[in-house]
Amino acid sequence: MVLLQISEPNQLPANKQRYAVGIDLGTTNSVVAIVNEDWPLAIADPNENVLVPSIVHYQQNNIEVGEVAKQAVTYDPLNTIYSIKRLMGRDFGEAKRLGFDRIYHLSTSANNLPLIKTQAGEKSAVQISADILSFLKKRAQKTVGMELSGAVITVPAYFDDAQRQATKDAAAVAGLKVLRLLNEPTAAAIAYGLESGGEGMHVVFDLGGGTFDISILHFKQGIFEVIAVGGDSALGGDDMDDLIANWIIQQAKLNLDLLSLTEKRKLLLTAKAAKEELTTKLEITIDFNKWQGHFTRREFNKLIEPLLIKTLKYCQNALQDAELQIKDIKDVILVGGATRTPAVQEYVAKFFQKKPLANIDPDQVVALGAAIQANALLGQASGELLLLDVLPLSLGLETMGGLVEKIIYRNATIPTQKSQQFTTYKDGQTGMIVHIVQGERELVQDCRSLAKFELKGIPPMKAGMAKVEVIFQVDADGLLSVSAKELSTGIESKINVMPSYGLTEKEITEMLQASFDHAKEDIQVRQLREQQVVAEHLLVVVKKALQEDADKYLSQAEKNKIIASLQHLETIGTTQDSLKLKQAVTELEQATQIFAERRMDGNLREALQGVSIEELPHAKD
Ligand code: ADP
Ligand code: MG
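The next subject is unusual backbone geometry. Phi angles above zero are rare outside glycine, and Ser83 is one such case at about 55 degrees. Note that Ser83 resides in the loop between β7 (80–82) and α2 (92–97).

This is the structure:
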């Protein structure tokens, strides 16, 4: 269990060589956190404020971020940008649909991205987010007294490739090295140390300022898998503010249309303050203009009841999507400032029939989990290392008719393990060829063949009677091992393969492109991301291979050549230039080709046993 502690800001013993931060880049608020002496803690400003409003105020020669910028929303609205997260990875049309053109002056970039006109020039969503990230970076660097070695930045679980890439771009612009993007619900689960509780289903209920996200996570064999997401991108604590504001208007017998902009703004702030006060009090007094009135938690609860019921409907839907029942849920985690409202906690508790976890500050929990992950990725965690990475291409095996049965899907977090049962196709079949392939397509001929091995000695049985369990296991370095076992006899066979090894970037891209022809995502964005994943994988795999087998298979000259290419790819690192990255990856692929072949041969020789048996497995349904 990871313990969490709130400690004094700006008082860290300088005992660490390197720091990586966790960043919750929120729609309403952002938070930066670090792990210090095994304690995750959110970094505060000198006034003890941890939350940084995700607001940027552009002046002609100055950029303000956070609390100071928030003030400017009232007096300089056109140059003060909030909720920019909603625009990440979105095009101009979507920006208009989201109503950004009603708040700001928009223009279009050459590639149809929305730009917001400010007195400091036209700003993209990436640039504005980068300005928030720079602010957080500076705050962290000031506290730790050194440059940061990297960051784990959280994103909503439903963010698509374009939105994730935009987030990475923003980090690059801010000069932050992204160690990994992490799903927000997963970060919250890590902060609570749910991985120490073993396998189970967890719900993350995240009610922020303007968004509601429900996620269901399955923790199994060292990883959190997001198995269902749901929610509403226009539902949050701000809606409660609106309800209270309307209530005040009615009680004070005011006409909303007659209020000035400043008064309307003041009304909303009054409503928000009232809401937050009712979190700790049962009854309060509200002052607005010359009106004064009593407001009770009971009345407030009644106002927001429809909103709460709505959130529970989304929970119901997510459970249905995941084919789960309430009794299957082990823990419910509350995330987001608006879950402080007691009625929210009561409704959630009633619905899930258990008390939700809320003892970690709900608006810090995501950043704290990200910090724990960042620290682990730097290799500085003292306890267990929780590594999350993704597979670039799906892994599966050949079944009858040259079809591919995918076992582990692309983008699955690794390490991971999946198993599936197959059966024999013919009466009396005594052997089975397990043909492992990689790729997204349905036919074996369109995928890449990784390895073949046999399971022999199955006692003759009627077709469909044998039960062969095939297990795919991918370790943290992306190395795959496959085993097959006939369950009635216990006969077993096993092979190790290296999926992304020896695969050129071009091949990966082509395979992806072919299978995503109908997908409307931006292929270029994905290519770069895939390349980065491949580059990262390749570096890890090649290093490990060199360490283990260089002496066995390589001459000194061959080894030196590989090391030179490896160092080159490493210096290119997280460039946004996909061409450069691609060249460096290809160079390393080529340099290691002979090495890979020799190793693969060595491994295969050990795993394969001469005789060839033609029957292929047949997927059991
Ligand atoms: P986001 O994830 O969208 O960036 P946050 O998690 O920071 O947002 O949540 C912001 C919301 O939490 C706001 O609506 C704010 O009013 C609400 N909030 C903050 N503190 C409290 C409190 N004590 N009681 C009720 N609501 C609160
Ligand atoms: Mg949030």
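Here the narrative resumes, following the displayed structure.
Before going further, it helps to examine empty space enclosed by the protein. Under the definition given, this model contains six cavities of 30 Å³ or more. By volume, the largest cavity is sized at about 70 Å³. Looking at the largest cavity, the residues that line it are Leu25, Gly26, Ser54, Ile84, Lys85, Met88, Ser129, Ile132, Thr154, Val155, Phe159 and Thr167. Of the residues contributing to the lining of the largest cavity, the split by class is six nonpolar, five polar and one charged.

Further remarks concern the sheet that holds strand β9 (residues 114–118). The three strands are arranged β8-β9-β10 in an open sheet whose pairing can be described as antiparallel. With one partner strand each, in any of the chains shown, β8 (106–108) and β10 (121–123) form the two edges of the open sheet. On average, adjacent strands in this sheet sit at an angle of 40 degrees to one another, irrespective of strand direction.

Once that is clear, we can look at the packing of aromatic side chains. As enumerated under the stated definition, the model contains ten aromatic pairs in all. Centroid distance Phe212 to Tyr314: 6.1 Å. Interplanar angle 50 degrees. Geometry classified as tilted. Pair noted here: Phe212 is in strand β14 (residues 212–220) and Tyr314 is in helix α9 (residues 297–321), with a separation of 102 residues, a long-range link. A relative accessible area of 0% means that Phe212 is categorised as buried. Judged by centre distance (4.6 Å) and plane angle (50 degrees), the ring pair of Phe219 and Phe224 falls under tilted. For the pair Phe219 and Phe224, one class covers both residues: buried. One aromatic cluster is present, formed by Trp247, Trp291, Phe295 and Phe300 through successive ring pairs.

Those residues of helix α10 (residues 342–352) that fall on the buried side of the exposure criterion are Pro342, Ala343, Val344, Val348, Phe351 and Phe352. After α10 finishes, the residue Gln353 shows a positive phi value of roughly 55 degrees.

Time to look at the site of ligand 1. Neighbouring ligand 1 are 17 residues; Thr28, Asn29, Lys275, Glu276 and Thr279 lie closest to it. Lys272 places a polar side-chain atom, nitrogen or oxygen, 3.3 Å from an oxygen atom of ligand 1. Surface burial for ligand 1 is 89%, taken as the share of its 590 Å² of free accessible area covered by protein chains. Of all the secondary structure elements, the ones that give two or more residues to the shell around ligand 1 are α7 (237–251) and α8 (261–277). Among the elements that make up the shell around ligand 1, the one with the highest residue count is α8 (three residues). Residue composition of the shell around ligand 1, grouped by class: one nonpolar, eleven polar and five charged.

Applying the stated criterion across every chain, the model contains 13 salt bridges. Close ionic contact of Lys85 with Glu184 constitutes a salt bridge, the shortest N to O distance being 2.7 Å. With a gap of 99 residues between them, Lys85 in the loop between β7 and α2 and Glu184 in helix α6 (residues 184–191) connect regions that are remote in the sequence. Judged on exposure class, the residue Lys85 and its partner Glu184 are both buried. Via salt bridges that share partners, Asp238, Asp241, Lys272 and Lys275 belong to a single interconnected network.

Turning next to the pairing of strand β20 (residues 395–399). For β20, the buried fraction is high: five of the five residues fall into the buried class. Strand direction decides the pairing type here: β20 and strand β21 (residues 403–408), joined by five bridges, are antiparallel. Residue pairing for β21: Leu397 is matched across the bridge by Glu405. As consecutive antiparallel partners, β20 and β21 are separated by three residues, and within that stretch Gly401 has a phi angle of approximately 85 degrees, a positive value. With three bridges connecting them, β20 and strand β24 (residues 431–438) associate as antiparallel partners. From the neighbouring strand, Leu395 faces β24, where its bridge partner is Gln438.

What follows is about the sheet that holds β7. Read from one edge of the open sheet, three strands run β6-β5-β7, paired in antiparallel fashion. The open sheet has two free edges, formed respectively by β6 (63–65) and β7, since each of these has just one partner strand. On average, each strand axis in the sheet is inclined to that of its neighbour by 20 degrees, with strand direction left out of account. Where strand β5 (residues 55–58) meets β6, three bridges bridge the pair, whose relative direction is antiparallel. Paired with His57 across the two strands is Glu64, which belongs to β6. Strands in contact with helix α1 (residues 67–75) are β5, β6 and β7; relative to β5, the strand with the most contacts, it is inclined by about 65 degrees. Strands β5, β6 and β7 of the sheet are contacted by helix α4 (residues 125–144), whose axis makes an angle of about 105 degrees with β5.

Let's shift gears to the side chain of Glu64. Mapped onto the elements of the fold, Glu64 is located in strand β6. For the buried Glu64, which has no salt bridge, the nearest side chain bearing the opposite charge is Lys138, at an N-O separation of 12 Å. What Glu64 contacts, discounting residues up to four positions off in sequence, is Ile55, Val56, His57, Gln59 and Ala69.

So, about the environment of Ile227. Note on placement: Ile227 falls in strand β15 (residues 223–232). Among the residues examined, Ile227 registers a relative accessible area of 31% and is labelled partly exposed. Distance from Ile227 to Leu319, taken between C-alpha atoms, is 9.7 Å for residues 92 residues apart in sequence. Among residues more than four places away in sequence, those in contact with Ile227 are Met201, Ile216, His218, Ala322 and Leu324.

Rules used throughout
- Residues numbered from 1 in each chain as written.
- Chains lettered and ligands numbered in written order.
- Predicted model: local features only at pLDDT ≥ 70, side-chain atom pairs only at ≥ 80, totals over all residues.
- Heavy atoms only, no water.
- Helix = DSSP H or I, 4+ residues; strand = E, 2+ residues; numbered from the N terminus.
- 1 Å grid on protein atoms, 1.4 Å probe; cavity = no way out; pocket = protein on both sides within 12 Å on 5 of 7 lines; lining within 4 Å.
- Points joined across faces, edges and corners; volume = space filled by probe spheres on them.
- Nonpolar A, V, L, I, M, F, W, Y, C, P; charged D, E, K, R; others polar.
- Pairing = 2+ DSSP bridges.
- Axes fitted to C-alpha atoms, helices over the stretch in contact; angles between N-to-C directions.
- Phe/Tyr/Trp six-rings, centres within 6.5 Å; stacked < 30°, edge-to-face > 60°.
- Buried < 20%, exposed > 50% of the residue type's maximum accessible area, 1.4 Å probe, protein only.
- Near = heavy atom within 4 Å.
- Polar contact = N/O pair within 3.5 Å; in protein donor to acceptor, adjacent residues only side chain to side chain.
- Areas by Shrake-Rupley, 256 points an atom, 1.4 Å probe, with all protein chains shown as cover.
- Salt bridge = Lys/Arg side-chain N within 4 Å of Asp/Glu carboxyl O.
- Contact = heavy atoms within 4.5 Å.
- Lys, Arg positive; Asp, Glu negative; His and termini not counted.

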